[in-house]
Every structure is written in structure tokens, then in C-alpha cells.
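# Examining the three-dimensional arrangement
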Amino acid sequence: MPSTEETTAKVDEDEKTPLFTPPLWQQRRALVSQILRSHGVESVLDLGCGAGALLEILLNDTTYGRLAGVDIDLPSIEAAAHSCQPADYDKRFLRELPVELNLYVGSVAEADSRLFEYDGIASVEVIEHLDPPVLEAFPMTTLGTYKPKVMVVSTPNADFNVNFPGLKYGTPGSVMRNDDHRFEWTRKEFQDWAQNAARTYNYTVSFTGVGLLTSPLHQNVGHCTQIAIFTRNSSPTNPSSPTPTPTNTHNPYTHHTTITFPYFTESGFTTTDIVSELRDRTTYLFYNEIDDRNRLLPNNHTSNINTPPPWPKAGAIILPLDKYWNILRVRQICKKKVKLLEALRSEEAERVFELVDGGEGVRILYDIPPERREGGE
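Residues numbered from 1 in each chain as written. Predicted model: local features only at pLDDT ≥ 70, side-chain atom pairs only at ≥ 80, totals over all residues. Heavy atoms only, no water.

### Things to note about the pairing of strand β2 (residues 66-71)
Counted residue by residue, β2 has five buried out of six residues, so it is predominantly covered. The sheet contact formed by strand β1 (residues 43-47) and β2 spans five bridges and is parallel. The residue of β2 that forms the bridge with Asp-46 is Gly-69. Of the crossover connections in this fold, the one passing from β1 over helix α3 (residues 53-59) to the parallel β2 is right-handed. Examined bridge by bridge, β2 and strand β3 (residues 100-105) share six bridges and lie parallel to one another. Note that in β3 the partner of Val-70 across the bridge is Tyr-104. (Buried < 20%, exposed > 50% of the residue type's maximum accessible area, 1.4 Å probe, protein only. Helix = DSSP H or I, 4+ residues; strand = E, 2+ residues; numbered from the N terminus. Pairing = 2+ DSSP bridges. Right-handed = clockwise from strand over helix to strand, strands pointing away.)

Listed below in C-alpha cells is the structure:
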């Protein structure tokens, strides 16, 4: 299936006026993955996955333990199976938890019972390729049958096409961004469709996008790519009850490939082990926070080799929690972020670390020795 990403890039090149930095396709994948992560999902179904571009990004985020991709085009699924294989890096630096990716050939007009329990769905630049009967079935398949916690759908914004002269938008000779597109919706058309689907299947929908031009030379026509975020509503009678999962077995998709990644299997690490590891890493993290060029310290002093500033003492340094979590070894021995938080709140940690900023920061309660780094190294 041709992608809008490729076509938009071609339009930009043809007009000799690249519109977006980073490229629109990079912004789109980054935002979709960010939205999924922010909703706390641990499994994602990519409907219309193509050659696996989004799946490659999601595989790099160990938040997800289960991923699946579905596309009606077999060559695309074969390409995804190739691009999503573990690399040498994955074998050398073992992820903390297992992940399984399953790829299927099938139509988004049908639901497959093997995919009922994925809590996130992404459908990126897909709906504009669907024939009317498949498009009509899409909300029922996704929101009505799969019932994800959150679904992210992106599609081109036709209002924005005025910024591509080659498309001749608004004239009898107008064309769409891609020859395979069945339609390109305006913002109102997309929002009307999404709001109707949300009401029908008990979801709330919000809208965002990527590719926004603010220059006075361009009309205010919204984002180049418009995105709908569907969030499942709790039952008004029992907000804590889970959404029931269909029990009938119906498997219209053809399973193509299962891909797994090697992961760190050593276990038995104690809170003391975790706190010791965190302390060993703290000095590295502290110096990594210093700008190598300007020598900017967390207390806003500027240092040089000859006149070092007053050194921050115990309690004066706060490091972001995510700096610790981004260290592979920390993730390996903790497995999940909640374990890291438990260790930082433990008796073993109370004299060396303190969680602050609502759990987003770690105050260092001991002196970090000064380090001289000649030549800015």
C-alpha cells in the first residue's frame, strides 16, 4: 500500500520547498508512539502496519510486551518481518523484559479473536486508502470489537493541501497526495467521522496533529497530518469493571511470523543491590548533566579548569528519575519502573536518595566528589 509519507516527501521535493524539519513521517511516528506511551498501554496492535515502520519504533520501547501488525498486503508484511528482526545490538544489550511481535495478513474490515486483548491500537495513514465498505466497518472492528483502551488514527488533512501548489487544491483539476487515496478529509469531515464513531462505541475523542505552519505566508489550515485519539470511557454504572472480551473464535487473518527478542533472564536482585547500583551510577549521571562545552553545573555556576565554582553539597543536586531508568543495567535488575520507585523509597535508600517532584526527581543526599575533566573530556 503506498504511503502518504512517501508522497508528501515527493511533493516537497518537486516544489523545492521542504516544509518540515524533522520530516513529517518522523514527526508522525514519534507523536503516535508518544501518545500510546502516555496512556500506559503495554500491548499495541498496528492496523495497516505496512513495512513495519511504527513497529520498529515500538520494539525499541520496552514498555510493550506484546505487539502485532496487520496489513492486507503480503509483500508489506514480508518487509515488516525482515525489518523487525533483532539486530546484533539487541543480542549484545539484552532488554529487561520479553517481547513478542506477531504479523498477520488480513483486512481491517474483520476482527480476529487472537487480537482481542491488545490495549492500544494504532492506524497510521491507513483509513484514506480504504474502500467505502471497509471504511464503514473500521469503527466496528476497532472500537466495537477489539475495544482498546486507546486508539490513535492519523490521516491527511485536505485543508492543508492549499500549501502544495502541485495538488491544485480547490480547483477542478485538483489531485490527492497519493494516487491510492480514496479520499482526503478536511478537518471538519475527519472530526465528524471520529466523533460519531466515539459516540457509537462509548469513547471520548480528542484531536491533534503534526506539520503545522505558522508563517504569515501560509494559510491557517491546521496540521498537515491530523490525528484522532480515542479513549475508552469507563462504564457509568461500574467504572472499575473491565470491558468484556468477545469469546467467539473467529480467525480470518493469516498468521505470517512470530518474532521474539532475547532478554535479560537473571533474577533475584534485592533492594540493596538496586540501591548500590543507583549509587554507582549517580556520579556518571551527575557529570553527564554538565554541558561539556559551557561546563554548566546544576547550580548555574560556570566552571573552567583554573577557577572551579563552589561545589554543590549533599541535598543540592536533583537528577531526573528517567536518567536512572534510561540506564540499561538499572532496567535489567529492576525489570519495571515500579520496582525502581520502591527501591528509592526503601529504608536502604533513605540516607542517600530522596524522591522529589512527585516522584519525577531524585535528590542526592550525599556529597559527590569534584572531578576534573581536562580539555572538556
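Picking up after the structure, the text goes on.
### So, the packing of helix α8 (residues 271-288) against helix α11 (residues 337-344)
The geometry of α8 relative to α11 is characterised by a closest axis approach of 9 Å and an angle of 85 degrees between their N-to-C directions. Judged on the interaxial angle alone, α11 and α8 are roughly perpendicular. Contact with α8, carried on its side by Thr-271, Ile-274, Val-275 and Leu-278, involves Lys-339, Leu-340, Ala-343 and Leu-344 of α11 and no other residues of that element. Tallied by class, the residues present in the contact of α8 with α11 amount to six nonpolar, one polar and one charged. (Axes fitted to C-alpha atoms, helices over the stretch in contact; angles between N-to-C directions. Parallel < 35°, antiparallel > 145°, perpendicular 65-115°, else oblique. Contact = heavy atoms within 4.5 Å. Nonpolar A, V, L, I, M, F, W, Y, C, P; charged D, E, K, R; others polar.)

### Regarding the pairing of strand β5 (residues 150-156)
The element β5 is largely enclosed, with a buried count of seven among its seven residues. Alternating positions in β5 separate into two faces, Val-150, Val-152, Ser-154 and Pro-156 on one and Met-151, Val-153 and Thr-155 on the other, with burial throughout. Note that strand β4 (residues 120-124) and β5 share five bridges and pair parallel. The partner of Ser-123 across the bridge, within β5, is Val-153. Between β4 and its parallel partner β5, the chain crosses via helix α6 (residues 132-146), and the hand of that crossover is right-handed.

### So, the layout of surface pockets
Estimates place the volume of the largest pocket at around 590 Å³. Lining the largest pocket are 21 residues, and of these Asp-61, Thr-62, Thr-63, Trp-325 and Lys-337 sit closest to its centre. If you list the elements that add at least two residues to the lining of the largest pocket, you get α9 (321-325) and α11. For the lining of the largest pocket, the element with the most residues is α11, which contributes three residues. Residue composition of the lining of the largest pocket, by class: six nonpolar, six polar and nine charged. (1 Å grid on protein atoms, 1.4 Å probe; cavity = no way out; pocket = protein on both sides within 12 Å on 5 of 7 lines; lining within 4 Å. Points joined across faces, edges and corners; volume = space filled by probe spheres on them.)

### A closer look at the sheet that holds strand β8 (residues 254-260)
Sheet architecture is open: eight strands sit in the order β6-β7-β5-β4-β1-β2-β3-β8, paired in mixed fashion. In the strand order of this sheet, the two ends are held by β6 (203-210) and β8, each with one partner. Shown here is a sheet whose adjacent strand axes are inclined to one another by a mean of 15 degrees, direction ignored. Seen against the sheet, helix α2 (residues 24-38) touches β1, β4, β5, β6 and β7 (225-232) and runs at an angle of roughly 150 degrees to β6. Along the sheet, α6 contacts β1, β4, β5, β6 and β7; its crossing angle with β5, the most-contacted strand, is approximately 165 degrees.

### Describing the side chain of Ser-113
Along the chain, the position of Ser-113 falls in the loop between β3 and β4. Polar side-chain contacts of Ser-113 include one of 2.6 Å to the side chain of Asn-251. (Polar contact = N/O pair within 3.5 Å; in protein donor to acceptor, adjacent residues only side chain to side chain.)

### As for α8
Taking 1.5 Å of rise per residue, the 18 residues of α8 would be expected to cover 26 Å, and the 25 Å separating its terminal C-alpha atoms lies within 8% of that figure. Among all positions in α8, only Ile-274, Val-275, Glu-277, Leu-278, Thr-282, Leu-285, Phe-286 and Tyr-287 are buried. Close packing links the buried residues of α8 with β9 (317-320), α9, α10 (328-334), α11, β10 (353-356) and β11 (361-364). (Expected span 1.5 Å × (residues − 1).)

### Brief notes about α11
Every buried residue of α11 is listed here: Leu-340, Leu-341, Ala-343 and Leu-344. Here the buried residues of α11 occupy an arc of 160 degrees about the axis, which is enough to place them on one side. Looking at the buried residues of α11, the elements they touch are α8, α9, α10, β10 and β11. (Arc of directions from axis to C-beta.)

### What about the environment of Glu-360?
Within the secondary structure, Glu-360 is located in the loop between β10 and β11. Once the C-alpha coordinates of Glu-360 and Leu-341 are considered, the two residues, 19 residues apart in sequence, prove to be 9.8 Å apart. Apart from residues no more than four positions distant in its own chain, Glu-360 is found in contact with Leu-319, Pro-320 and Leu-321.

### Concerning the nonpolar core
Among the nonpolar cores identified, the biggest contains 39 residues, and Leu-36, Leu-67, Leu-101, Leu-103 and Phe-160 are the most heavily contacted of them. If you list the elements that add at least two residues to this core, you get α2, α3, α4 (74-83), β3, β4, β5 and β7. Look past the residues within four positions of Leu-67 in its chain and what remains in contact with it is Val-44, Leu-55, Leu-58, Leu-59, Val-99, Glu-100, Leu-101, Asn-102 and Tyr-118. (Core = buried A, V, L, I, M, F, W, Y, C linked by side-chain atoms within 4.5 Å.)

Don't take any of this as a statement about function, it's just geometry.
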